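An overview of the molecular structure
Take a look at the letters that make up each chain.
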Amino acid sequence: MIAMLLALALLQAPQDPGPLARAETAYRAGDHAQASADFMIALAARDAPRHRIEFALGNCAWRLGRPAEAVWRYRRALQEAPRDPATWNNLRFVERRLGLDGDADGGLISTLTGILSMRTPRESVLLGVALEVLGLAGALLLRGRPLARAACVVALGLGAW
């Protein structure tokens, strides 16, 4: 009976919520400096949700008056989740505030570069394989068409790159 009561008391004892939960609580309470410190501790964990934490660190940096750090954190978050609309929105907002609207009028090259930077590593491998297959098949099958064959050889080279 005493062992059962002791076990029940241990189960009801307050447990440490962990750095991520503490960071989120501090962030909601408006203590962005403490939240930032706790998010940094949480980021050190091997199985940490990196995108979520980097995004939150960007928000903390912005609220603490460190916009350049916020841009850096949002860019790190985009490395983990390249298509996250909230991260893109916050990044563009902070860049506009800093006067870094450099790619707004970049034209076609800037747009294509932006699209290519949104690939995940898996998509990069699949794109490379598809280009290699297309290039190799075209180079072998289009012997009578030198221009089309040259385009396929270029696709093969891009796929290998």
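In this text, all values refer to a predicted model and were calculated from it rather than measured experimentally. Residues take numbers from 1 onward in each chain, read along the sequence in its written order. Local features in this predicted model are restricted to residues whose pLDDT is 70 or higher, and side-chain atom pairs enter the listing and the counts only when it is 80 or higher, whereas totals over whole chains, interfaces and linings include all residues. No hydrogens and no water enter the side-chain calculation; it runs on all heavy atoms of the structure.

Here we come to a nonpolar patch on the surface. Each patch is built from residues lacking any salt bridge and having more than 30% relative accessible area; the joining distance is 9 Å for like charges and 5 Å for nonpolar side chains (Val, Leu, Ile, Met, Phe, Trp, Tyr). Surface accessibility in these figures is a Shrake-Rupley result with a 1.4 Å probe; residues are shielded only by whichever protein chains are displayed. A pairing counts as a salt bridge when a side-chain nitrogen of Lys or Arg comes within 4 Å of a carboxyl oxygen of Asp or Glu. Nonpolar side chains collect at one region of the surface, where Val125, Val129 and Val133 lie side by side and expose about 260 Å² of accessible area between them. Where helices and strands are cited, they refer to DSSP runs of H or I of at least four residues and of E of at least two residues respectively, numbered from the N terminus. Summarising the element assignment, Val125 is placed in helix H8 (residues 121-141).

This part is about the nonpolar core. In terms of nonpolar packing, the biggest core is built from 11 residues, these being Ala23, Ala26, Ala35, Phe39, Ala42, Leu43, Ala48, Ile53, Ala56, Leu57 and Cys60. Contributions of two or more residues to this core are made by helix H2 (19-28), helix H3 (32-43) and helix H4 (50-63). It only takes one pair of heavy atoms within 4.5 Å for two residues to be counted as in contact. Non-local contacts of Phe39, meaning those with residues more than four positions away in its chain, are made with Leu20, Ala23, Glu24, Ile53, Ala56, Leu57 and Cys60. The next biggest cluster of nonpolar side chains, apart from the first, holds eight residues, and it includes Ala70, Tyr74, Leu78 and Val94. In plain words, nonpolar cores are sets of buried Ala, Val, Leu, Ile, Met, Phe, Trp, Tyr and Cys residues tied together by side-chain atoms within 4.5 Å. Only protein chains enter the calculation, and the probe is 1.4 Å; a residue is then buried if its accessible area is under 20% of its type maximum, exposed if over 50%, and partly exposed in between.

Between its first and last C-alpha, H4 extends 20 Å over 14 residues, near the 20 Å set by a 1.5 Å rise per residue. Remark: Gly65 follows H4 within two positions and exhibits a positive phi of approximately 80°. To estimate the expected span of a helix, count its residues, drop one, and scale the result by 1.5 Å.

We now examine the pattern of salt bridges. According to the stated counting rule, one finds six salt bridges in the structure shown. Ionic pairing is found between Glu69 and Arg66, a salt bridge with its closest N-O pair at 2.7 Å. Take Glu69: its relative accessible area is 25%, and that puts it in the partly exposed class. For Arg66, a relative accessible area of 34% corresponds to the partly exposed category. A salt bridge links Arg75 to Glu95; the shortest N-O distance between them is 2.3 Å. Here Arg75, found in helix H5 (residues 67-80), pairs with Glu95, found in helix H6 (residues 85-98); they are 20 residues apart in sequence, far enough to count as distant. One salt-bridge network, held together by shared partners, links Glu54, Arg73 and Arg76.

This paragraph deals with the packing of H2 against H3. Their axes nearest at 8 Å, the elements H2 and H3 cross at an angle of 160°. Taken together, the axes of H2 and H3 lie roughly antiparallel to each other. Seen from above, H2 lies across H3 with left-handed handedness. Within the contact between the two elements, H2 uses Pro19, Leu20, Arg22, Ala23, Glu24, Ala26 and Tyr27 and H3 uses His32, Gln34, Ala35, Asp38, Phe39, Ile41 and Ala42. Lines are fitted to the C-alpha atoms to define the axes, a helix being fitted only along its stretch in contact, and any angle between axes, read from their N-to-C directions, falls within 0 to 180 degrees. Should an angle fall under 35 degrees it is taken as roughly parallel, and over 145 as roughly antiparallel, whereas 65 to 115 is taken as roughly perpendicular and any remaining angle as oblique. In this scheme the handedness of a crossing depends on how the near helix is turned from the far one: anticlockwise by less than a right angle means left-handed, clockwise means right-handed.

Moving on to the packing of aromatic side chains. Here the aromatic set is Phe, Tyr and Trp, taking the six-membered ring for Trp, and pairing holds for ring centres within 6.5 Å; pairs whose planes are under 30 degrees apart are stacked, those over 60 apart are edge-to-face, and all others are tilted. Overall, the coordinates contain two aromatic pairs when judged by the stated rule. Taking 5.9 Å as the distance between ring centres and 50° as the angle between the ring planes, the aromatic pair formed by Phe55 and Tyr74 counts as tilted. Residue Phe55 is located in helix H4, and its partner Tyr74 is located in helix H5; the two are separated by 19 residues in the primary sequence. With relative accessibility at 2%, the residue Tyr74 sits in the buried group. Pairing Trp62 with Phe93 gives two aromatic rings, centres 5.4 Å apart and planes at 80°, and the pair type is edge-to-face. Residue Trp62 is located in helix H4, and its partner Phe93 is located in helix H6; the two are separated by 31 residues in the primary sequence. On the basis of relative accessibility, which here comes to 29%, the residue Trp62 falls in the partly exposed class. Residue classification places Phe93 among the partly exposed residues on the basis of a relative accessible area of 33%.

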